[in-house]
Amino acid sequence: MIWVKRIIFALLILCGIAFVIYGAPRRDDKIPADFVVIRYWEKWTGNEGAQMQQIVDDFNRTVGREKKIFVRYMSMSNVDKKTLVAISAGVPPDIAGMWDQQVAQFAALGAIEPLDELATAHGITEQTYTPVYWNGCRYDGKLYALVSTPAAIALHYNRKVFSENAAALRAAGLDPDRPPRTLEEMDRYAEILTKRGPFGRIDRAGYLPLQSWYVPFTSYWFGQEIFDPKTQKFQLDAPQFIRAFEWIQSYSRKMGAKPIQDFISAHPQDNFDTPQNPFLTDTLIMQQQGPWQANYIDHLNPSMSRVLVPKDQEPTLPRRTDNYSWAVAPFPSAVPGLEDVSFCSFDALMIPTGTKHKNEAFEFIAYVNRQNVCEKLNMLHCKNTQLRSVSRNFIAKHPNPYIDVFQKLAASPNARGVPPVPIWPQVAKELNDAGQAVALENADPREVLTRAQARLQAEYDRFRAIDLKRREQQQQQHQLAQRK
Amino acid sequence: MTREQRRNLLKGLAFCSPWLLGFLLFTALPIALSLYYSFCDYALTAPDRAPVWVGIANYRQLWGDELFWKALGTTFRYAAMALPAGVLVSLGLALMLNANIRGQTIYRAVIFLPSLVPATAAAMLWLWMFNGRFGLFNNLLERLGVGGLNWLSTDLALPSLALMSVWGVGNTVVIYLAGLQDVPRELLEAAEIDGADRFGRLVHVTLPMLSPVIFFNLVMAIIGTFSVLTVPYIMTRGGPNNATYFYTMYGYDTAFTYLRMGYASALAWVQLLIIMALTALAFWSARKWVHYV
Amino acid sequence: MSDLSAPAVSRRRPSRFSWDKAAVHFGLLCVCAGFMLPLVWLLSTSMKTIEQTGEYPPRFVPHPWQPQNYLKLFHHSNFRLATYTRNTVIITILTVTGTTLSSALVAYGFARIPFRGSGVLFGIMLATIMIPFPVTMVSLFRIFRWLDVHTPIQFLGTFKPLWLPAWFGNAFCIFLLRQFFRTVPRELSEAARIDGCSELGIFTRIILPLSKPALATVALFSFTWTWNDFLGPLVYLHEPDQHTLALGLQAFQSQHGGTEWHLLMAASALVCLPVLILFFLTQRTFIQGIATTGGK
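Only a predicted model underlies this, so the values are computations on that prediction, with no experimental measurement involved. (Residues numbered from 1 in each chain as written. Chains lettered and ligands numbered in written order. Predicted model: local features only at pLDDT ≥ 70, side-chain atom pairs only at ≥ 80, totals over all residues.)

Chemist: How do you make sense of the overall build of chain B when you look at a structure like this?
Modeler: Each helix and strand in chain B was counted, giving 13 helices and 2 strands. For chain B, whose C-alpha radius of gyration is 24 Å, the value lies well above the compact-globule estimate of 19 Å for 293 residues. In terms of its C-alpha atoms, chain B occupies a principal-axis envelope of roughly 75 × 75 × 30 Å. When contacts within chain B are restricted to residue pairs at least 6 apart in sequence, long-range pairs at least 24 apart make up 65% of them. (Helix = DSSP H or I, 4+ residues; strand = E, 2+ residues; numbered from the N terminus. Rg over C-alpha atoms; globule rule 2.2 N^0.38 Å. Contact = placed C-beta atoms within 7 Å.)

In structure tokens, the structure reads:
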């Protein structure tokens, strides 16, 4: 018995040694010694990661080879947190691929480098970009990021279910052949298309505000900003903001908070990339989503996009979208006359402070923003583009037949992005919590939002005061140093 | 001091020097720094971002911070569920294992096994078991005819986590087992002769003899419960709606998501004070019920 | 102080059947079944395909089963099993060696050298067990950063912050070893001292050889803690190439769904495996070791 134990023990040790020797991360690429290696941390894994890897490979083969730069793509989870800690540790990546939400926070913390000079040197100016994306890349008068892939949010609706319930819709005075045009109309569509089961269970939901990933931005469709840069004040207690959250709560009143919570737990956010995505199973009829949805539908439930003929025969149809049982329209607003409202987010490329290869890193960022590269990447990722100039090929050959809707929404004057506040993680948490409190726990929207407003405003004022103090301290030290 | 005493002092300090150095560098200095940071605003992102002294502003903000109180309450509520459950279950299991039965080694091994599973693996496993649609628990319940539960909802999340913590009582059980071995047989036999039934022997002999061990485990459990971070971090990320937003999670988020190291240090110090207070409370109450032999 | 060499259960007269014993057996069986259920489920899920994991009603024994999930782990794009294992092995070996050696040294000082203030220092050491990780988390980070800037050695971004503190002793292990060292008869070290042996000599030639079980226990504890550690790597390891196994399991958590539960369970099983194997090899030492810490 003891010999068996000893043998197993020895085997364990041998395994350990084997892993140490052979487990070293293998690099299949052979990079010449005089090349600058750029470490690029990005959030995308799976298909999206592979698609970005294509772009990275393109760069390495062309511009990289010419300028002796090699970009190494590394995908990781929680890339924003890891990058922040890595910057604090003094070992940051050369390019960090994060989101628009990080621009203001990281810039205010001095974690990322301003890119104005480099951008102008590469010919990327305000005229190159659609305004909403350009503004999103700026903070405090400087440019801190550039876009890798943008997005715009719109209403996705299930045309098939619409037409199946045509009679009921018409009886209520609604048109089953077109999407709702106002928010109030959408509520009525949703009510008719909702099917309940035993014990009040929601078997099919017309629409659910909490299902959306963009609850904090609900006020945009009520014509209300989250933050006013001129007065430097949050607007959470503005009447329209409260109305927005009352609207979120109205669904809980109509359908019951518990059935909604059960529905959400049965279809959590993290089953978006599975065949059980409720939009794909006709369980959620209308949804607030971005242009990538078409890709996921193609992968997970292609029948939604190939109703009549296979994809390669689509050109024979009078309109390509005749083949689709789903469609896209601008998400309706609650304010009459306010059209084409959208929340425009984007994936951002930033250069952390402390990197040694800022110029080389920017070469890659500039490459990704060339029109042909940008369009290739966004066609692969199934998103719209951030550039003002769009080729006809992009619109015609794009996998998403409704891409023109997204382009229009991004260029609309009512397109809004993440507000430029350096405490965005706190704001996002407060607004998401408020949405849940209002929808699931029947809290009073006015109360919840007023308290959130007080907390966030205090936090923001505190941040600004400290920032000011710190700048004064730095100036004093500077003057002391100069005097010596 | 005599020469011998001085020699012993030098020798003792020499042997203890690794710990002394480590204590100064990795414990005492960080704690002192942490106290200093708790009076500053500090964002660690670049070397030139020096801390800005703000006095007691962090503590004042803490006092009025709703999320702080909510996280504290959540941690206390969790402790109120997990601590008694843990103590009762582990004690009960130890008593059962101590009965003169065969196969004790196997039972003991099985009970000890879950405490060896890494927290991340355990969290993922239980997350999968709690899943509303595919989870094991709901499927078992549905087979029994009872409907499935929403295990990680705002109401049930804390009890579910407390249930999961009971799964890992293995090492506590083993400590109790060892303590039970040391209960003198003579006392038990004397009590039996005096007419005490099994329950009486348990309450009047076994438990008092075991009280130092119970006390030790209680203190360890208090410290552990108030420092819980890994499991909720992976399973629920503090949700839904802060139902499982434990105190340590708030501290971690404040430090590494919002980058407010000063405020995070203040939170950490309050946590330390609370743990010390609870431990002191345990020590004070120990006088009433812990019998040292 | 219980004698480490004696088995935990002393042999008594063979037990007769009684309803009490049956009840105890029944209770223990239920509890053990409950404790094993999650682990069995782990194994079962680890050998399913992704479609089988979504089956309703779920089956315990997948049919057909897929043990090749474990092989798939070696080639997974996100979860780099070989690299993570290598990192974990390196960190663990460095930590275990450091902890055992330094804790033994310090414990000897506390146990066998009567110096003034040893009681106070020992008490302080015990108190440090109480300090929760968040209190020192940020400051430690800052200290390492300062060391990075002011010394030629790079700490952050390497494994050093994880294993270096271990070489300065671990309070729990020191406590354990001190309790054990005190049981070694004083005559042995007295005799050696008379023979002219230095204190260090007594330590290495007399105490250490006698303490093999205790040292093994400390090594096992240290191994388990380090192998399973999540928070340390979370704070100090940023590059995916540096992640450890416990941290790397997070790689399966997809943000928008499509979590590969079957692969995740297989990976979890693999991560648990070394600790479980070591446990079965050294069951007696492990459990005796824990037993000796109980409040004595």
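Resuming the write-up.
Chemist: I tried to follow the overall build of chain C on my own but got confused; where do I start?
Modeler: Looking only at helices and strands, chain C features 15 helices and 0 strands. For chain C, with 296 residues in total, the buried portion stands at 46%. Taking as baseline every contact in chain C between residues at least 6 positions apart, the subset at least 24 positions apart corresponds to 73%. (Buried ≥ 20, exposed ≤ 12 C-beta atoms within 10 Å, placed from the backbone.)

Chemist: Help me understand the domain arrangement of chain B, please; the structure alone is not making it clear to me.
Modeler: Frequently, the measure chosen for interface size is the accessible area removed from exposure when the parts meet. Structurally, chain B comprises domain 1 (1-28) and domain 2 (65-289). Using only C-alpha atoms to locate each centre, domain 1 of chain B and domain 2 of chain B end up separated by 37 Å. (Domains from an automatic or database assignment.)

Chemist: Any chance you could explain the confidence of the model for chain C here in plain terms?
Modeler: Caution is warranted with low-pLDDT regions, since their predicted coordinates should not be read in detail. Residue and element names in this part refer to chain C. On average, residues of chain C carry a pLDDT of 82, and 88% of them reach 70 or more. Mean pLDDT values for the elements of chain C range from 66 in helix α15 (residues 283-293) up to 93 in helix α7 (residues 160-163). Here residues 1-11 is a poorly scored stretch, pLDDT under 50, and it has 12 contacts once near neighbours within four places are set aside; other chains count. The ipTM for the predicted assembly is 0.83, set against a pTM of 0.84. (pLDDT = per-residue confidence, 0-100.)

Chemist: Before we go on, may I ask you to explain unusual backbone geometry in this structure?
Modeler: Note: most residues except glycine have negative phi, and most peptide bonds are trans. Residues and elements named next belong to chain A. Non-glycine residue Phe199 carries a positive phi angle of around 60°. Note on placement: Phe199 falls in the loop between β8 (195-196) and β9 (202-204). Take Phe199: there are 9 C-beta atoms within 10 Å of it, and that puts it in the exposed class. You will see that Gln232, though not glycine, has its phi angle at about 60°, which is positive. As for its position among the elements, Gln232 is in the loop between β10 (227-228) and β11 (233-234).

Chemist: What is the right way to read the packing of helix α3 (residues 66-98) of chain B against helix α10 (residues 198-226) of chain B from this model?
Modeler: Residue and element names in this part refer to chain B. Where α3 contacts α10, the two axes come as close as 10 Å, and the packing angle between them is 145°. Seen along the crossing, α3 lies across α10 with a hand that is right-handed. Across the interface between the two elements, Thr75, Tyr78, Ala79, Ala82, Leu83, Gly86 and Val87 of α3 pack against Leu218, Ala221, Thr225 and Phe226 of α10. The residue makeup of the contact of α3 with α10, split by class, is 8 nonpolar, 3 polar and no charged. (Axes fitted to C-alpha atoms, helices over the stretch in contact; angles between N-to-C directions. Left-handed = near helix turned anticlockwise from the far one by under 90°. Nonpolar A, V, L, I, M, F, W, Y, C, P; charged D, E, K, R; others polar.)

Chemist: What am I meant to see in the sheet that holds strand β13 (residues 326-329) of chain A here?
Modeler: Pairing between the strands of a sheet is mediated by backbone hydrogen bonds and can be parallel or antiparallel. Residues and elements named next belong to chain A. Across the sheet, 3 strands lie side by side as β12-β7-β13; this open sheet has antiparallel pairing. Two strands lie at the open edges of the sheet, namely β12 (286-289) and β13, each paired on one side alone. Shown here is a sheet whose adjacent strand axes are inclined to one another by a mean of 30°, direction ignored. When strand β7 (residues 154-158) meets β13, the two strands line up antiparallel, connected through 4 bridges. Within the sheet, the bridge partner assigned to Leu155 lies in β13 and is Ala329. (Pairing = 2+ DSSP bridges.)

Chemist: How should I be thinking about the interface of chain C and chain A in this particular structure?
Modeler: The partner chain A presents 27 residues to the 26 residues of chain C that form the contact. Secondary structure elements with two or more residues in the side of chain C that touches chain A: α4 (81-112), α6 (133-150) and α14 (261-281) of chain C. It is α4 of chain C that contributes the most residues to the side of chain C that touches chain A, 6 residues altogether. Counted by class, the side of chain C that touches chain A contains 9 nonpolar, 13 polar and 4 charged residues.

Chemist: I keep staring at the interface of chain B and chain C and nothing clicks. Help me out?
Modeler: Contacts between the two partners involve 84 residues from chain B, matched on the other side by 80 residues from chain C. Considering every element that reaches the side of chain B that touches chain C, the biggest residue donor is helix α1 (residues 3-37) of chain B, with 20 residues. Counted by class, the side of chain B that touches chain C contains 60 nonpolar, 20 polar and 4 charged residues.

Chemist: What is the right way to look at the sheet that holds strand β6 (residues 146-150) of chain A in this model?
Modeler: All names here are of chain A. Taking strand neighbours across the sheet as the criterion, the 5 strands line up as β2-β1-β3-β15-β6 in an open arrangement whose pairing is mixed. The sheet terminates laterally at β2 (69-75) and β6, the two strands that pair on one side only. Neighbour-to-neighbour, the strand axes of the sheet open up by a mean angle of 25°, direction not taken into account. Summarising the sheet, strand β3 (residues 95-99) and strand β15 (residues 346-350) pair through 4 bridges and their orientation is antiparallel. Residue pairing in the sheet places Met98 in a bridge with Ala348 of β15. Seen against the sheet, helix α4 (residues 79-89) touches β1 (36-42) and β3 and runs at an angle of roughly 135° to β3. Against the sheet, helix α14 (residues 358-368) touches β1, β2, β3, β6 and β15, its axis set at about 55° to β1.

Chemist: Teacher, can you tell me more about the pairing of β6 of chain A here?
Modeler: The side chains of a regular strand alternate between both faces of the sheet. Residue and element names in this part refer to chain A. The element β6 is largely enclosed, with a buried count of 5 among its 5 residues. Of the strand pairs in this sheet, β6 and β15 are connected by 4 bridges, and their pairing is antiparallel. Counted as the bridge partner of Pro150 is Phe346 from β15.

Chemist: Would you mind going over the pairing of β15 of chain A with me for this structure?
Modeler: Burial runs high along β15 of chain A: 5 of the 5 residues are buried. The side-chain alternation of β15 of chain A yields two buried faces, one formed by Phe346, Ala348 and Met350 of chain A and the other by Asp347 and Leu349 of chain A.

Chemist: Help me understand the environment of Ala121 of chain B, please; the structure alone is not making it clear to me.
Modeler: Following the sequence through the fold, Ala121 of chain B ends up in helix α5 (residues 119-130). On a C-alpha basis, the gap between Ala121 of chain B and Val231 of chain B in space is 9.3 Å, while along the polypeptide they are 110 residues apart. Ala121 of chain B has contacts with Leu249, Ser268, Val271 and Cys272 of chain C, leaving out every residue within four places of it along the chain.

Chemist: How should I be thinking about the environment of Val309 of chain A in this particular structure?
Modeler: Residues and elements named next belong to chain A. Note on placement: Val309 falls in the loop between α13 (293-300) and β13. The partly exposed category is assigned to Val309, around which 13 C-beta atoms lie within 10 Å. Remark: the alpha-carbon pair of Val309 and Ala167, spanning 142 residues in sequence, is separated by 27 Å. Each residue touching Val309, except ones within four places of it in the same chain, is listed here: Glu314, Thr316, Leu317 and Asn323.

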